[in-house]
Amino acid sequence: MNSIRVRLGVLGLALLTGLAIPTAASAAEAAPSPTVEERRLDKDVPQEILRRSGFDTVAPRLSRALDAARSYGEARRAVAHEGARLWRRAVDRAQGRGPAGGDLSRDDDRPLYWARLGMTREVRTWEPEFGLTDGWRAALLDELERTSRGQTAIGYPHGKGMKRILVTGFDPFTLDRDIRISNPSGATALALDGTVIETADGPARIETVVFPVRWQDFTEGTVERTLRPYLPKADLFTTVSQGRVGRFDVERTNGAWRGGFADNDGIGRTETVPVTDPASQPQWTTTTLPYRAIVAADTGRFPVYDNTGVTEIPAGGTEPVVRPEGPTPGSTARAGGGGDYLSNEIAYRATLLRDRLGLHDVLPGGHVHTPVLQFGAGNTTEVTDPEFVRNRLDIIAQVRTILRVAAEES
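Residues numbered from 1 in each chain as written. Predicted model: local features only at pLDDT ≥ 70, side-chain atom pairs only at ≥ 80, totals over all residues. Heavy atoms only, no water.

Draft legend 1. Spatial organisation of the pairing of strand 2 (residues 196-199). Here strand 2 shows a buried face lined by Ile197 and Thr199 and an unburied face lined by Val196 and Glu198. In the sheet, strand 2 pairs with strand 3 (residues 202-211) via four bridges, with the strands oriented antiparallel. Residue Val196 lies in a different strand from strand 3, and its bridge partner there is Arg205. Adjacent in sequence and paired antiparallel, strand 2 and strand 3 are bridged by two residues. (Buried < 20%, exposed > 50% of the residue type's maximum accessible area, 1.4 Å probe, protein only. Helix = DSSP H or I, 4+ residues; strand = E, 2+ residues; numbered from the N terminus. Pairing = 2+ DSSP bridges.)

See below:
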(Lines give C-alpha, C1' and ligand atoms only; values in the text may rest on other atoms or scores of the structure.)
Protein backbone atom coordinates (compact mmCIF):
# COMPACT_ATOMS: atom_id res chain seq x y z
CA MET A 1 0.00 0.00 0.00
CA ASN A 2 2.39 2.60 -1.30
CA SER A 3 2.07 6.37 -1.02
CA ILE A 4 4.41 9.19 -1.65
CA ARG A 5 1.15 10.18 -3.00
CA VAL A 6 -0.14 7.41 -2.01
CA ARG A 7 -1.04 1.00 6.57
CA LEU A 8 4.71 1.33 17.49
CA GLY A 9 4.80 3.23 20.22
CA VAL A 10 3.53 1.90 23.54
CA LEU A 11 -0.20 1.57 23.69
CA GLY A 12 -1.73 4.59 21.96
CA LEU A 13 -4.77 6.53 22.99
CA ALA A 14 -7.24 4.19 24.67
CA LEU A 15 -10.36 3.61 22.61
CA LEU A 16 -13.30 5.55 23.91
CA THR A 17 -15.22 2.46 24.90
CA GLY A 18 -12.57 0.01 26.02
CA LEU A 19 -13.79 -3.49 26.77
CA ALA A 20 -15.92 -2.86 29.83
CA ILE A 21 -19.70 -2.70 29.69
CA PRO A 22 -20.76 0.96 29.89
CA THR A 23 -23.01 2.25 32.63
CA ALA A 24 -26.73 2.46 32.01
CA ALA A 25 -27.89 4.74 29.24
CA SER A 26 -29.52 7.95 30.36
CA ALA A 27 -31.57 8.21 27.20
CA ALA A 28 -31.78 6.72 23.73
CA GLU A 29 -29.66 8.52 21.17
CA ALA A 30 -30.40 8.65 17.48
CA ALA A 31 -28.57 6.09 15.35
CA PRO A 32 -25.88 7.66 13.14
CA SER A 33 -25.90 7.41 9.37
CA PRO A 34 -23.71 4.85 7.59
CA THR A 35 -20.14 5.92 6.93
CA VAL A 36 -18.66 6.71 3.53
CA GLU A 37 -17.07 3.26 3.56
CA GLU A 38 -20.34 1.52 4.42
CA ARG A 39 -22.33 3.37 1.77
CA ARG A 40 -20.26 1.72 -0.98
CA LEU A 41 -21.99 -1.53 -0.05
CA ASP A 42 -25.03 -0.60 -2.12
CA LYS A 43 -23.05 -0.65 -5.37
CA ASP A 44 -23.30 -3.60 -7.74
CA VAL A 45 -19.75 -4.93 -7.32
CA PRO A 46 -19.85 -5.45 -3.53
CA GLN A 47 -23.23 -7.14 -3.84
CA GLU A 48 -21.89 -9.45 -6.54
CA ILE A 49 -18.85 -10.35 -4.45
CA LEU A 50 -21.02 -11.14 -1.43
CA ARG A 51 -23.47 -13.17 -3.51
CA ARG A 52 -20.78 -15.18 -5.33
CA SER A 53 -19.06 -16.12 -2.06
CA GLY A 54 -22.14 -16.84 0.03
CA PHE A 55 -21.21 -14.04 2.44
CA ASP A 56 -24.43 -12.17 1.63
CA THR A 57 -25.99 -14.01 4.59
CA VAL A 58 -23.61 -12.54 7.16
CA ALA A 59 -25.13 -9.09 7.81
CA PRO A 60 -28.75 -10.37 7.82
CA ARG A 61 -27.76 -12.97 10.41
CA LEU A 62 -26.33 -10.28 12.68
CA SER A 63 -29.42 -8.14 12.13
CA ARG A 64 -31.64 -10.96 13.38
CA ALA A 65 -29.41 -11.50 16.40
CA LEU A 66 -29.57 -7.81 17.29
CA ASP A 67 -33.33 -7.74 16.90
CA ALA A 68 -33.55 -10.63 19.37
CA ALA A 69 -31.35 -8.86 21.94
CA ARG A 70 -33.23 -7.48 24.94
CA SER A 71 -30.29 -5.76 26.63
CA TYR A 72 -26.92 -4.25 25.88
CA GLY A 73 -25.22 -7.33 27.32
CA GLU A 74 -27.09 -9.64 24.95
CA ALA A 75 -26.24 -7.39 22.03
CA ARG A 76 -22.55 -7.36 23.01
CA ARG A 77 -22.45 -11.15 23.13
CA ALA A 78 -24.20 -11.42 19.77
CA VAL A 79 -21.78 -8.99 18.13
CA ALA A 80 -18.73 -10.78 19.57
CA HIS A 81 -20.04 -14.16 18.46
CA GLU A 82 -20.89 -13.07 14.94
CA GLY A 83 -17.65 -11.12 14.50
CA ALA A 84 -15.53 -14.10 15.51
CA ARG A 85 -17.68 -16.37 13.36
CA LEU A 86 -17.02 -14.16 10.32
CA TRP A 87 -13.25 -14.28 10.84
CA ARG A 88 -13.28 -18.08 11.22
CA ARG A 89 -15.48 -18.47 8.17
CA ALA A 90 -13.20 -16.27 6.04
CA VAL A 91 -10.08 -18.13 7.18
CA ASP A 92 -11.71 -21.53 6.62
CA ARG A 93 -12.85 -20.52 3.15
CA ALA A 94 -9.39 -19.28 2.20
CA GLN A 95 -7.79 -22.50 3.48
CA GLY A 96 -10.20 -24.85 1.74
CA ARG A 97 -12.36 -25.90 4.66
CA GLY A 98 -16.13 -26.08 4.31
CA PRO A 99 -18.22 -25.00 1.34
CA ALA A 100 -16.95 -22.24 -0.93
CA GLY A 101 -20.43 -20.69 -0.94
CA GLY A 102 -20.20 -19.71 -4.60
CA ASP A 103 -17.91 -19.55 -7.61
CA LEU A 104 -15.59 -16.80 -6.35
CA SER A 105 -12.12 -18.23 -5.73
CA ARG A 106 -11.34 -19.17 -2.16
CA ASP A 107 -8.23 -16.98 -2.00
CA ASP A 108 -10.34 -13.81 -2.29
CA ASP A 109 -10.17 -11.42 0.68
CA ARG A 110 -13.04 -9.21 -0.48
CA PRO A 111 -15.95 -11.24 0.95
CA LEU A 112 -14.57 -10.65 4.45
CA TYR A 113 -14.20 -6.92 3.83
CA TRP A 114 -17.66 -6.32 2.40
CA ALA A 115 -19.41 -8.66 4.85
CA ARG A 116 -17.79 -6.83 7.77
CA LEU A 117 -19.02 -3.50 6.43
CA GLY A 118 -22.51 -4.94 6.19
CA MET A 119 -22.24 -5.90 9.85
CA THR A 120 -20.89 -2.54 11.01
CA ARG A 121 -23.67 -0.79 9.13
CA GLU A 122 -26.22 -2.95 10.94
CA VAL A 123 -24.75 -2.02 14.31
CA ARG A 124 -24.33 1.65 13.41
CA THR A 125 -27.96 2.08 12.33
CA TRP A 126 -29.57 -0.25 14.90
CA GLU A 127 -32.17 1.36 17.16
CA PRO A 128 -33.22 -1.08 19.90
CA GLU A 129 -36.24 -0.50 22.10
CA PHE A 130 -34.09 -0.35 25.23
CA GLY A 131 -32.10 2.60 23.86
CA LEU A 132 -28.45 2.86 22.93
CA THR A 133 -26.05 5.62 23.91
CA ASP A 134 -23.20 6.71 21.66
CA GLY A 135 -20.78 5.02 24.05
CA TRP A 136 -22.62 1.71 23.94
CA ARG A 137 -22.78 1.79 20.15
CA ALA A 138 -19.06 2.61 19.92
CA ALA A 139 -18.30 -0.33 22.20
CA LEU A 140 -20.32 -2.68 19.98
CA LEU A 141 -18.55 -1.44 16.86
CA ASP A 142 -15.16 -1.83 18.53
CA GLU A 143 -16.01 -5.39 19.55
CA LEU A 144 -17.11 -6.19 16.01
CA GLU A 145 -14.00 -4.71 14.43
CA ARG A 146 -11.63 -6.61 16.71
CA THR A 147 -13.32 -10.00 16.53
CA SER A 148 -13.91 -9.93 12.77
CA ARG A 149 -10.26 -9.00 12.06
CA GLY A 150 -8.70 -11.87 14.00
CA GLN A 151 -7.37 -9.49 16.64
CA THR A 152 -8.89 -11.50 19.49
CA ALA A 153 -8.04 -14.90 18.00
CA ILE A 154 -4.22 -14.90 18.13
CA GLY A 155 -3.12 -18.15 19.75
CA TYR A 156 0.27 -19.83 19.82
CA PRO A 157 0.92 -23.34 21.20
CA HIS A 158 2.58 -23.55 24.59
CA GLY A 159 6.03 -24.97 25.08
CA LYS A 160 9.22 -24.84 23.09
CA GLY A 161 10.20 -26.22 19.72
CA MET A 162 8.01 -24.05 17.49
CA LYS A 163 8.78 -20.52 16.36
CA ARG A 164 6.04 -17.89 16.50
CA ILE A 165 5.45 -15.53 13.59
CA LEU A 166 3.00 -12.62 13.65
CA VAL A 167 1.78 -11.16 10.34
CA THR A 168 -0.57 -8.26 9.62
CA GLY A 169 -2.56 -7.41 6.49
CA PHE A 170 -4.91 -4.66 5.32
CA ASP A 171 -8.38 -4.15 3.87
CA PRO A 172 -8.81 -3.19 0.21
CA PHE A 173 -8.41 0.55 -0.41
CA THR A 174 -8.68 3.24 -3.13
CA LEU A 175 -12.15 1.83 -3.81
CA ASP A 176 -13.42 5.00 -5.43
CA ARG A 177 -10.79 4.49 -8.10
CA ASP A 178 -11.82 0.87 -8.69
CA ILE A 179 -14.35 -0.74 -6.35
CA ARG A 180 -13.29 -4.21 -7.51
CA ILE A 181 -9.94 -3.91 -5.71
CA SER A 182 -8.62 -6.76 -3.58
CA ASN A 183 -5.69 -6.43 -1.19
CA PRO A 184 -3.14 -9.25 -1.41
CA SER A 185 -1.96 -8.54 2.13
CA GLY A 186 -5.44 -9.26 3.46
CA ALA A 187 -5.67 -12.38 1.30
CA THR A 188 -2.30 -13.50 2.64
CA ALA A 189 -3.49 -13.03 6.21
CA LEU A 190 -6.48 -15.31 5.58
CA ALA A 191 -4.42 -17.93 3.76
CA LEU A 192 -1.70 -18.13 6.43
CA ASP A 193 -3.58 -17.69 9.72
CA GLY A 194 -2.91 -20.61 12.03
CA THR A 195 -0.72 -22.43 9.51
CA VAL A 196 2.66 -23.99 10.18
CA ILE A 197 5.66 -23.68 7.88
CA GLU A 198 8.64 -26.01 8.03
CA THR A 199 11.98 -24.30 8.31
CA ALA A 200 15.52 -25.63 8.54
CA ASP A 201 15.32 -24.94 12.28
CA GLY A 202 11.97 -26.66 12.80
CA PRO A 203 8.31 -25.66 12.52
CA ALA A 204 7.01 -22.09 12.76
CA ARG A 205 3.39 -21.17 13.39
CA ILE A 206 1.92 -18.07 11.76
CA GLU A 207 -0.84 -16.00 13.34
CA THR A 208 -2.38 -13.11 11.44
CA VAL A 209 -4.63 -10.08 11.86
CA VAL A 210 -6.10 -7.54 9.44
CA PHE A 211 -6.25 -3.78 9.96
CA PRO A 212 -8.55 -1.09 8.52
CA VAL A 213 -7.41 1.58 6.08
CA ARG A 214 -8.56 4.45 8.31
CA TRP A 215 -6.41 7.12 9.93
CA GLN A 216 -8.64 7.46 12.99
CA ASP A 217 -8.32 3.83 14.02
CA PHE A 218 -4.54 4.18 13.97
CA THR A 219 -4.73 7.42 15.97
CA GLU A 220 -6.80 5.58 18.57
CA GLY A 221 -4.10 2.95 18.98
CA THR A 222 -5.52 -0.12 17.25
CA VAL A 223 -2.06 -1.27 16.14
CA GLU A 224 -0.45 -0.99 19.56
CA ARG A 225 -3.41 -2.49 21.40
CA THR A 226 -3.42 -5.50 19.09
CA LEU A 227 0.32 -6.16 18.86
CA ARG A 228 1.58 -5.19 22.30
CA PRO A 229 0.57 -8.45 24.09
CA TYR A 230 2.18 -10.64 21.41
CA LEU A 231 5.44 -9.01 20.31
CA PRO A 232 7.30 -10.12 23.46
CA LYS A 233 6.22 -13.71 22.71
CA ALA A 234 7.01 -13.63 18.98
CA ASP A 235 10.15 -14.81 17.22
CA LEU A 236 9.42 -12.75 14.09
CA PHE A 237 6.83 -10.23 12.91
CA THR A 238 6.05 -8.75 9.55
CA THR A 239 3.55 -6.06 8.65
CA VAL A 240 2.44 -6.53 5.04
CA SER A 241 0.67 -4.27 2.56
CA GLN A 242 0.24 -3.76 -1.18
CA GLY A 243 2.97 -1.63 -2.70
CA ARG A 244 4.46 -1.24 -6.15
CA VAL A 245 3.73 -2.88 -9.48
CA GLY A 246 5.60 -6.10 -10.23
CA ARG A 247 7.87 -6.24 -7.17
CA PHE A 248 8.23 -6.97 -3.49
CA ASP A 249 10.04 -4.51 -1.23
CA VAL A 250 11.52 -4.99 2.20
CA GLU A 251 11.29 -1.46 3.58
CA ARG A 252 14.48 -0.52 5.39
CA THR A 253 13.28 2.70 7.10
CA ASN A 254 9.89 3.94 8.33
CA GLY A 255 9.02 7.61 8.83
CA ALA A 256 6.93 9.46 11.42
CA TRP A 257 4.82 11.36 8.89
CA ARG A 258 1.29 11.18 7.46
CA GLY A 259 1.11 12.53 3.92
CA GLY A 260 -2.58 13.35 3.70
CA PHE A 261 -3.87 10.77 1.21
CA ALA A 262 -7.55 9.96 1.79
CA ASP A 263 -8.44 6.78 3.64
CA ASN A 264 -11.43 4.48 3.09
CA ASP A 265 -13.73 7.02 4.73
CA GLY A 266 -12.46 9.79 2.45
CA ILE A 267 -10.49 11.46 5.26
CA GLY A 268 -6.89 12.65 4.93
CA ARG A 269 -4.33 13.42 7.61
CA THR A 270 -1.18 15.53 7.16
CA GLU A 271 0.80 15.50 10.40
CA THR A 272 3.40 13.74 12.47
CA VAL A 273 2.27 10.20 13.31
CA PRO A 274 0.52 10.61 16.69
CA VAL A 275 1.87 8.27 19.39
CA THR A 276 2.09 8.26 23.17
CA ASP A 277 5.05 10.08 24.70
CA PRO A 278 5.71 12.24 21.63
CA ALA A 279 8.66 13.88 23.39
CA SER A 280 10.65 10.66 22.93
CA GLN A 281 9.29 9.90 19.47
CA PRO A 282 11.96 9.29 16.81
CA GLN A 283 11.60 10.53 13.25
CA TRP A 284 12.71 7.17 11.88
CA THR A 285 12.58 3.48 12.78
CA THR A 286 14.34 0.65 10.99
CA THR A 287 13.66 -2.93 10.02
CA THR A 288 15.31 -5.78 11.89
CA LEU A 289 14.22 -8.35 9.31
CA PRO A 290 17.10 -10.24 7.66
CA TYR A 291 16.63 -8.23 4.49
CA ARG A 292 19.86 -9.28 2.82
CA ALA A 293 18.94 -12.96 3.05
CA ILE A 294 15.38 -12.30 1.87
CA VAL A 295 16.54 -10.35 -1.17
CA ALA A 296 19.16 -12.96 -2.06
CA ALA A 297 16.81 -15.94 -1.80
CA ASP A 298 14.72 -17.37 -4.63
CA THR A 299 11.33 -16.75 -3.03
CA GLY A 300 9.09 -16.72 -6.08
CA ARG A 301 8.00 -15.12 -9.31
CA PHE A 302 8.40 -11.46 -8.34
CA PRO A 303 11.76 -9.74 -7.68
CA VAL A 304 12.39 -8.62 -4.10
CA TYR A 305 14.21 -5.38 -3.31
CA ASP A 306 15.92 -3.94 -0.27
CA ASN A 307 14.30 -0.51 -0.45
CA THR A 308 16.45 2.09 1.30
CA GLY A 309 15.00 5.36 -0.02
CA VAL A 310 13.17 7.96 2.07
CA THR A 311 12.04 11.57 1.77
CA GLU A 312 13.28 13.94 4.47
CA ILE A 313 13.69 17.57 5.42
CA PRO A 314 17.42 17.74 6.19
CA ALA A 315 18.60 19.18 9.50
CA GLY A 316 18.47 22.97 9.15
CA GLY A 317 16.51 22.74 5.90
CA THR A 318 12.94 23.63 4.96
CA GLU A 319 12.19 21.61 1.81
CA PRO A 320 11.76 17.85 1.34
CA VAL A 321 14.64 15.97 -0.27
CA VAL A 322 14.63 12.40 -1.61
CA ARG A 323 17.44 10.31 -0.12
CA PRO A 324 17.94 7.02 -2.01
CA GLU A 325 20.30 5.66 0.66
CA GLY A 326 18.20 6.52 3.71
CA PRO A 327 17.82 9.45 6.14
CA THR A 328 20.63 11.75 7.22
CA PRO A 329 21.33 12.66 10.89
CA GLY A 330 18.86 15.06 12.46
CA SER A 331 16.42 15.04 9.53
CA THR A 332 12.64 15.24 9.73
CA ALA A 333 10.60 12.49 8.09
CA ARG A 334 8.34 13.18 5.14
CA ALA A 335 8.13 9.62 3.78
CA GLY A 336 9.58 6.27 4.75
CA GLY A 337 10.60 3.66 2.24
CA GLY A 338 6.97 2.60 2.20
CA GLY A 339 5.66 6.11 1.57
CA ASP A 340 3.58 8.33 3.82
CA TYR A 341 0.32 6.39 3.98
CA LEU A 342 -0.93 3.75 6.40
CA SER A 343 1.48 1.05 5.22
CA ASN A 344 4.37 3.22 6.33
CA GLU A 345 2.50 4.05 9.51
CA ILE A 346 1.84 0.46 10.55
CA ALA A 347 5.51 -0.33 9.94
CA TYR A 348 6.53 2.72 11.98
CA ARG A 349 4.16 1.90 14.84
CA ALA A 350 5.07 -1.79 14.97
CA THR A 351 8.82 -1.20 14.93
CA LEU A 352 8.56 1.68 17.42
CA LEU A 353 6.60 -0.60 19.75
CA ARG A 354 9.31 -3.24 19.29
CA ASP A 355 11.94 -0.70 20.30
CA ARG A 356 9.99 0.72 23.24
CA LEU A 357 9.50 -2.81 24.56
CA GLY A 358 13.28 -3.24 24.49
CA LEU A 359 13.16 -5.83 21.70
CA HIS A 360 15.13 -4.11 18.94
CA ASP A 361 18.16 -6.39 19.25
CA VAL A 362 16.26 -9.65 19.78
CA LEU A 363 13.08 -9.50 17.67
CA PRO A 364 13.31 -9.49 13.86
CA GLY A 365 10.52 -7.36 12.45
CA GLY A 366 9.63 -4.89 9.74
CA HIS A 367 7.51 -4.27 6.69
CA VAL A 368 7.09 -6.11 3.39
CA HIS A 369 5.32 -4.54 0.44
CA THR A 370 3.72 -6.93 -2.03
CA PRO A 371 3.23 -6.25 -5.74
CA VAL A 372 0.05 -4.47 -6.80
CA LEU A 373 -2.62 -7.11 -7.46
CA GLN A 374 -3.60 -6.66 -11.11
CA PHE A 375 -6.49 -7.91 -13.20
CA GLY A 376 -5.90 -9.62 -16.52
CA ALA A 377 -5.28 -7.46 -19.57
CA GLY A 378 -8.46 -5.88 -20.86
CA ASN A 379 -10.57 -6.64 -17.79
CA THR A 380 -12.09 -3.34 -16.71
CA THR A 381 -15.48 -4.52 -15.47
CA GLU A 382 -15.44 -8.13 -14.21
CA VAL A 383 -14.84 -8.76 -10.49
CA THR A 384 -12.36 -11.54 -11.18
CA ASP A 385 -10.47 -13.37 -13.92
CA PRO A 386 -7.87 -16.19 -14.15
CA GLU A 387 -4.87 -13.84 -14.21
CA PHE A 388 -6.18 -11.93 -11.20
CA VAL A 389 -6.48 -15.18 -9.23
CA ARG A 390 -3.06 -16.41 -10.39
CA ASN A 391 -1.43 -13.14 -9.35
CA ARG A 392 -2.98 -13.29 -5.90
CA LEU A 393 -2.03 -16.94 -5.34
CA ASP A 394 1.55 -16.26 -6.45
CA ILE A 395 1.82 -13.31 -4.06
CA ILE A 396 0.48 -15.37 -1.15
CA ALA A 397 2.92 -18.19 -1.91
CA GLN A 398 5.84 -15.78 -2.12
CA VAL A 399 5.01 -14.12 1.21
CA ARG A 400 4.97 -17.58 2.79
CA THR A 401 8.42 -18.30 1.37
CA ILE A 402 9.74 -14.91 2.49
CA LEU A 403 8.55 -15.72 6.00
CA ARG A 404 10.32 -19.09 5.89
CA VAL A 405 13.57 -17.44 4.80
CA ALA A 406 13.22 -14.78 7.49
CA ALA A 407 12.54 -17.40 10.16
CA GLU A 408 15.58 -19.47 9.12
CA GLU A 409 17.88 -16.46 9.15
CA SER A 410 16.65 -15.08 12.47
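Draft legend 2. Summary view of the packing of aromatic side chains. On inspection of all chains with the given rule, the structure shows ten aromatic pairs. Judged by centre distance (5.5 Å) and plane angle (75°), the ring pair of Trp215 and Tyr341 falls under edge-to-face. Of this pair, Trp215 sits in helix 8 (residues 215-219) while Tyr341 sits in the loop between strand 13 (332-335) and helix 11 (342-356), and the two are 126 residues apart along the sequence. Each of the two residues, Trp215 as well as Tyr341, counts as buried. The ring of Phe375 has Arg180 lying over it, and the distance from NZ or CZ to the ring centre is 3.9 Å. The side chain of Arg247 reaches across the aromatic face of Tyr305, ending 4.0 Å from its centre. (Phe/Tyr/Trp six-rings, centres within 6.5 Å; stacked < 30°, edge-to-face > 60°. Lys NZ or Arg CZ within 6 Å of the ring centre and 35° of its normal.)

Draft legend 3. Representation of the pattern of salt bridges. In the structure shown here, the tally under the stated rule is 36 salt bridges. The salt bridge partner of Arg252 is Asp306, with a shortest N-O separation of 2.5 Å. Taken together, the residues Arg252 in the loop between strand 5 (248-251) and strand 6 (253-255) and Asp306 in strand 10 (residues 304-307) connect sequence positions 54 residues apart. Look at Arg252 and you get partly exposed, because its relative accessible area is 23%. For the salt bridge of Glu387 with Arg301, the shortest nitrogen-to-oxygen distance reads 3.9 Å. In this pair, Glu387 sits in helix 12 (residues 386-409) while Arg301 sits in the loop between helix 10 (291-296) and strand 10, placing the two residues 86 residues apart along the sequence. (Salt bridge = Lys/Arg side-chain N within 4 Å of Asp/Glu carboxyl O.)

Draft legend 4. Inspection of the packing of helix 2 (residues 44-53) against helix 5 (residues 110-125) at higher detail. Closest axis-to-axis distance for the helix 2/helix 5 pair is 9 Å, and the angle between their directions is 110°. Looking at the two axes, helix 2 sits roughly perpendicular to helix 5. Of the two possible hands of crossing, helix 2 and helix 5 adopt the one that is left-handed. Touching Pro46, Ile49, Leu50 and Ser53 of helix 2 are Arg110, Pro111, Trp114 and Ala115, all from helix 5. Here the residues of the contact of helix 2 with helix 5 sort into six nonpolar, one polar and one charged. (Axes fitted to C-alpha atoms, helices over the stretch in contact; angles between N-to-C directions. Parallel < 35°, antiparallel > 145°, perpendicular 65-115°, else oblique. Left-handed = near helix turned anticlockwise from the far one by under 90°. Contact = heavy atoms within 4.5 Å. Nonpolar A, V, L, I, M, F, W, Y, C, P; charged D, E, K, R; others polar.)

Draft legend 5. Seen up close, unusual backbone geometry. The phi angle at Thr174 is positive, at roughly 50°, despite the residue not being glycine. Structurally, Thr174 is set in the loop between strand 1 (163-170) and helix 7 (184-192). Non-glycine residue Asp277 carries a positive phi angle of around 50°. Residue classification places Asp277 among the partly exposed positions, given a relative accessible area of 44%.

Structural measurements only, silent on function.
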